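As a plain string of letters, each chain reads:
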Amino acid sequence: MERLNNKYSYQPLAAKAILDMALSQKYVAAILAAAPSSGKSTIIIHALNSFLESYPHARVVILTHNQNILKNQMIENFENPNVEIKFTFGIFGSNSQVEIGIPSNASKISEMDLLVVDEAHQYYWEPMVDAIVDKHTPKYQILMTGSPSYFVKYNKAVDNSRKTAKKFGMHFIAANDLMNGVFSPMDIDVVRFDQKQTIDKMKAVFDRAEEEEYDMTKLMWACKTIKEAKAVAYYLKNEFGRKVFVSTSENDVDSEAIQDFINSKDGVLIVVNKGILGFSDSYITCLVDFKCSKDLDTRNQFFARGLRVHPEGIRKAYISTSNTKNWNKEGQVLNQMISLMDREVFMRYDGTPLKDSMRAA
């Protein structure tokens, strides 16, 4: 079963680091602050193997993001692991050593000694998870996130205060740490447009892709609004002859379209907010960003959907768009997004503009 090689040697080391921090009880919680697509599921399997070897009668609960597709993705990763699993696992209520589910199904949890929260920047210290922690009082906690800025900011606040308070224990894995074959090489491009029509923006993207010979076999396309997503879907299908999968809060509550896209060899997944966080498909060849979020964590999370190495070694691309007026601003955001891949920047970023946080460091 063991299939890790040297380029994944960081994973058991990360597992030991976060487990040691959690067991020490010196921290609010131990945080695996790892770049998206770095293999957090494999790292947590390593950690749980060690934990349950020492505490075989303990119970572990893993809370995924509050979407069933991300719960199912976690379970699938456990069912087809990269390393041997030495414990039983299942959904909430399965009486397994490790039970996996979403916060809204927490009524099915019976007990826990160790709580693991995935995408923790979204839910930790929010009422839904607070209620779970208050009810079950887990002795140990491990949080996983690819966007650790909130926890970095909290630790800085503790450092700057005169009060004695626990901080979060943090183990960082930055994207540039993994550019040795773990992550795919990716072209980053900005397409300039000044027309207002969605179809004109789309034509500009496809023209650039043809010019640069980007592989457009399987795309993920982020839009600003549901209205824009519908327009993009219409034109992709009727003007460009593409297979489309639309997943928004309006039409795809259960994320079935995302699953259909994963199962397809080609096509375009169109999203607004769904799928940007946690979703994984290594066969994606290109990301098209019409959303162009100014929030660096959101931008980085979408960019990371393309970081996994394509099984056939295809070089990937990320394409954003900008009109002439916002051209320089878009370039600045992309430069910040790229700089966030650097380990020192990733460890310091607390949600404030990068130039300010770096100047203060």
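See the structure above.
Here is a short report on the structure shown in this document. Quantities reported herein were computed from a predicted structural model and do not represent experimental measurements. Going along each chain's sequence as written, the residues are numbered from 1 onward. Totals for whole chains, interfaces and linings use every residue, but because this is a predicted model, local features are given only for residues with pLDDT of at least 70 and side-chain atom pairs only at 80 or more, for both listing and counting. The side-chain numbers reported here are obtained from all heavy atoms of the structure, hydrogens and water having been left aside.

Let's shift gears to helix H7 (residues 198-212). Along an α-helix, residues three or four positions apart point the same way, because every turn accommodates 3.6 residues. Under the 1.5 Å per step criterion, the end-to-end length of H7 is 21 Å for 15 residues, consistent within 8% with the ideal 21 Å. Burial classes follow relative accessibility: with a 1.4 Å probe on protein chains only, a residue under 20% of its type's maximum area counts as buried, one over 50% as exposed, and anything between as partly exposed. Under the scheme used here, helices are H or I runs from DSSP no shorter than 4 residues and strands are E runs no shorter than 2 residues, and both carry numbers assigned from the N terminus. Residues Thr-198, Ile-199, Lys-201, Met-202, Ala-204, Val-205, Phe-206 and Ala-209 constitute the buried set of H7. Where the residues of H7 are buried, they touch strand S8 (186-192), strand S9 (218-222), helix H8 (226-238), strand S12 (286-289) and strand S13 (316-322). Phi turns positive one or two residues past the end of H7, at Glu-213, with a value near 60°. Given a helix with a known number of residues, its expected span is that number minus one, times 1.5 Å. Should any heavy atoms of two residues lie within 4.5 Å, those residues are considered in contact.

What follows covers the packing of helix H2 (residues 40-54) against helix H3 (residues 68-79). At a minimum axis separation of 10 Å, H2 and H3 run at an interaxial angle of 60°. Here H3 runs oblique to H2, going by the angle between their axes. Considering only the axes of H2 and H3, their crossing is right-handed. Judged by residue contacts, Ser-41, Ile-44, Ile-45 and Leu-48 of H2 engage Met-74, Asn-77 and Phe-78 from H3. In terms of residue class, the contact of H2 with H3 is built from five nonpolar, two polar and no charged. Axis definition: a line fitted to C-alpha atoms, over the contacting stretch in the case of helices. Angles run 0 to 180 degrees between N-to-C directions. Geometric relationships in this document are graded by angle, where less than 35 degrees denotes roughly parallel, more than 145 denotes roughly antiparallel, 65 to 115 denotes roughly perpendicular, and other angles denote oblique. Crossing chirality is assigned from the near helix's rotation relative to the far helix, an anticlockwise turn below a right angle marking it left-handed and a clockwise turn marking it right-handed. The nonpolar class holds Ala, Val, Leu, Ile, Met, Phe, Trp, Tyr, Cys and Pro. Asp, Glu, Lys and Arg form the charged class, and all remaining residues, Gly among them, are polar.

Bringing the sheet that holds S9 into the picture now. Here six strands make up an open sheet; going across it, the order is S8-S13-S12-S9-S11-S10 and the pairing parallel. Strands at the two margins of the open sheet, each flanked by one partner only, are S8 and strand S10 (244-247). With direction set aside, neighbouring strand axes in the sheet form an average angle of 15°. By definition, two strands form a pair when at least two bridges between them are found by DSSP. Taken together, the four bridges between S12 and S13 define a ladder with parallel strand orientation.

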